Amino acid sequence: MHKQNIAREFSRAAAGYDQAAVLQREIAGRLLAGSPHLSGRVVDMGCGTGYVSRHLPDGLQVLALDIAQGMLQQARHLASADAYVNADAEALPLQEGCADAVVSSLAVQWCHHPARMFAEVWRVLRPGGWLCLTTLGPRTLWELRAAWAAVDQEEHVNRFASLACWQQAAGHGWVNQHWQARDSVALYDSARQVMRDLKQLGASHTDAAEVHRGRALAGRQRLQALEHAYEQVCSGEALTVTYDVFYAYLQKPCNPL
Ligand SMILES: C[S@@+](CC[C@H](N)C(=O)[O-])C[C@H]1O[C@@H](n2cnc3c(N)ncnc32)[C@H](O)[C@@H]1O
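Model, not experiment: these values are computed from the prediction.

### Some points on the nonpolar core
Generally speaking, nonpolar side chains in soluble globular proteins are found buried as a group. If you look at the biggest cluster of nonpolar residues, it comprises 56 residues, and the most contacted ones within it are Leu56, Leu144, Tyr230, Val241 and Tyr243. Setting aside residues no more than four positions away along its own chain, Leu144 makes contact with Val157, Met195, Leu198, Leu226 and Tyr230. Counting 27 residues, the second largest nonpolar core, distinct from the first, contains Ala87, Leu92, Phe118 and Val124.

In structure tokens, the structure reads:
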């Protein structure tokens, strides 16, 4: 998806994001709980409405950065950080070695070239600085993918890279690398509510969705078929939404080559 569209969709979602972001808060909390001791200047990359920024330990200088202006406005409104920058994680407008840490929760899966993002983070980190991030793996939203597959042949759900792909993109220079995969699962009463929340999170948008919007194909009947299929996919009492989450902690060496 074009960066412009990503920014636009997340800006649109900004006002309602926090209401739907229950799993996102749980994941961010787990990321921070597992983080090494952070001090000094910290960049919250893909800050969204600023949840991570607001939950960093006291005494840090926090820069909240996001590609979506609407998200940044919301983060600023909630007094999340010390400074705010509208920028792309793949082209950070920050000086070399200026950050003691970069934290990022559920944002980098939107990067087109993860290796470029890792290179940018490496550049802005001081020697010994940490990158702490979460991102999504291939089984994310498997229920929705399976439900759509029962409705039509098109690609409606974003594809997420494997842990091995993320590790390869990160490169070999880091020390104290720690990667972990862990599912987070939300329970829902109805498929309609699942769809509403995903929309509110800005997470349901794909290139295919863009095309469908143009063709006005996502009509009521289609949605009903999807909801029915979702209920078939989750045959238990409650409907599930699975996030396949990768947690990564990577330290730039104190004496990088
Ligand atoms: C799912 S939200 C997560 C927000 C926040 N980190 C949280 O945990 O609640 C993803 C955020 O990443 C931002 N984002 C997506 N691609 C980005 C990029 N290339 N550079 C910076 N931010 C990006 C989006 O605008 C959105 O605010």
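Moving on, there is more to tell.
### Comments concerning the site of the ligand
By nearness alone, 17 residues border the ligand, and Gly46, Asp66, Asp88, Ala89 and Ser105 come closest of all. Gly46 is positioned with one of its backbone polar atoms (N or O) 2.8 Å from a nitrogen atom of the ligand. Side-chain polar atom of Asp66 to an oxygen atom of the ligand: 2.6 Å apart, as the coordinates give it. With three residues, helix α1 (residues 3-20) is the single largest residue contributor to the shell around the ligand. When its residues are assigned to classes, the shell around the ligand shows twelve nonpolar, three polar and two charged.

### Description of the packing of helix α5 (residues 114-124) against helix α7 (residues 163-170)
At a minimum axis distance of 8 Å, the contact between α5 and α7 shows a crossing angle of 45 degrees. One way to sum up the angle between α5 and α7 is to call them oblique. In this structure, the crossing between α5 and α7 has a hand that is right-handed. Facing α5, whose interface residues are Pro114, Ala115, Met117 and Phe118, α7 presents Trp166, Ala169 and Ala170. The residue makeup of the contact of α5 with α7, split by class, is seven nonpolar, no polar and no charged.

### A short note on the sheet that holds strand β5 (residues 125-136)
Taken in spatial order, the seven strands make up an open sheet running β3-β2-β1-β4-β5-β7-β6, and their pairing is mixed. Taken across any chain shown, the strands that pair with only one partner, and hence form the sheet edges, are β3 (83-86) and β6 (175-188). The mean angle between the axes of side-by-side strands here comes to 15 degrees, regardless of whether they run parallel or antiparallel. Both strand β2 (residues 61-66) and β3 contribute to a ladder of four bridges, which runs parallel. When the bridges of β3 are listed, Leu65 appears paired with Val85.

### Describing unusual backbone geometry
The phi torsion at Leu106 lies on the positive side, around 55 degrees, for a residue other than glycine. Despite not being glycine, Leu141 shows a phi value in the positive range, around 60 degrees. Structurally, the position occupied by Leu141 is in the loop between β5 and α6 (142-151). Residue classification places Leu141 among the buried residues on the basis of a relative accessible area of 5%.

### A word on the UniProt feature "domain: Methyltransferase type" (unreviewed entry) in the protein chain
Those residues carrying the UniProt feature "domain: Methyltransferase type" (unreviewed entry) are residues 43-132 in this numbering. The annotated region residues 43-132 carries 27% helix and 31% strand content, and the separation between its end C-alpha atoms amounts to 10 Å.

### A word on the pairing of β5
Strand residues, when the strand is regular, have side chains that alternate between the two faces of the sheet. A large share of β5 lies buried, amounting to ten of its twelve residues. Here strand β4 (residues 99-105) pairs with β5 via six bridges, running parallel. Bridged to Val102 within β5 is Leu131. Tracing the backbone out of β4, into α5 and back to the parallel element β5 gives a crossover that is right-handed. The sheet contact formed by β5 and strand β7 (residues 239-251) spans seven bridges and is antiparallel. Paired with Thr135 across the bridge in β7 is Phe246.

Reading guide: rules and limits
- Along each chain, residues carry numbers from 1 onward, in the same order as the chain's sequence is written.
- Only residues with pLDDT of at least 70 are given local features in this predicted model, and only at 80 or more are side-chain atom pairs given and counted; all residues enter the totals for whole chains, interfaces and linings.
- Side-chain numbers come from the whole structure's heavy atoms, not from hydrogens or water.
- In this description, a nonpolar core means a group of buried Ala, Val, Leu, Ile, Met, Phe, Trp, Tyr and Cys residues linked to one another through side-chain atoms lying within 4.5 Å.
- Think of it in three bands: residues with accessible area under 20% of the maximum for their type are buried, residues over 50% are exposed, and the middle band is partly exposed, with areas taken using a 1.4 Å probe on protein chains only.
- By the convention used here, residues are in contact when the closest approach between their heavy atoms is within 4.5 Å.
- For this description, a residue counts as near a given molecule or strand if any of its non-hydrogen atoms is within 4 Å of it.
- Two N or O atoms count as a polar contact when they lie within 3.5 Å, although within protein this holds only if one can serve as hydrogen donor and the other as acceptor, and sequence-adjacent residues are included solely when both atoms are side-chain atoms.
- Helix numbering and strand numbering both begin at the N terminus, where a helix is a DSSP run of H or I of at least 4 residues and a strand a DSSP run of E of at least 2.
- When residue character is reported, Ala, Val, Leu, Ile, Met, Phe, Trp, Tyr, Cys and Pro are called nonpolar, Asp, Glu, Lys and Arg charged, and the others, Gly included, polar.
- Convention adopted: a line fitted to C-alpha atoms gives each axis, helices being fitted over their contacting stretch, and angles between N-to-C directions are expressed from 0 to 180 degrees.
- These descriptions rest on fixed angle ranges, namely under 35 degrees for roughly parallel, over 145 for roughly antiparallel, 65 to 115 for roughly perpendicular, and the rest for oblique.
- By convention, the crossing between two helices is left-handed when the near helix turns anticlockwise from the far helix through less than a right angle, and right-handed when the turn is clockwise.
- Pairing between two strands is assigned when DSSP locates at least 2 bridges connecting them.
- UniProt positions are given in the numbering used here, feature names are shortened, and annotations may be inferred rather than shown by experiment.
- Crossover handedness is defined by viewing with both strands directed away from the observer: a clockwise path from the first strand over the helix to the second marks the crossover as right-handed.

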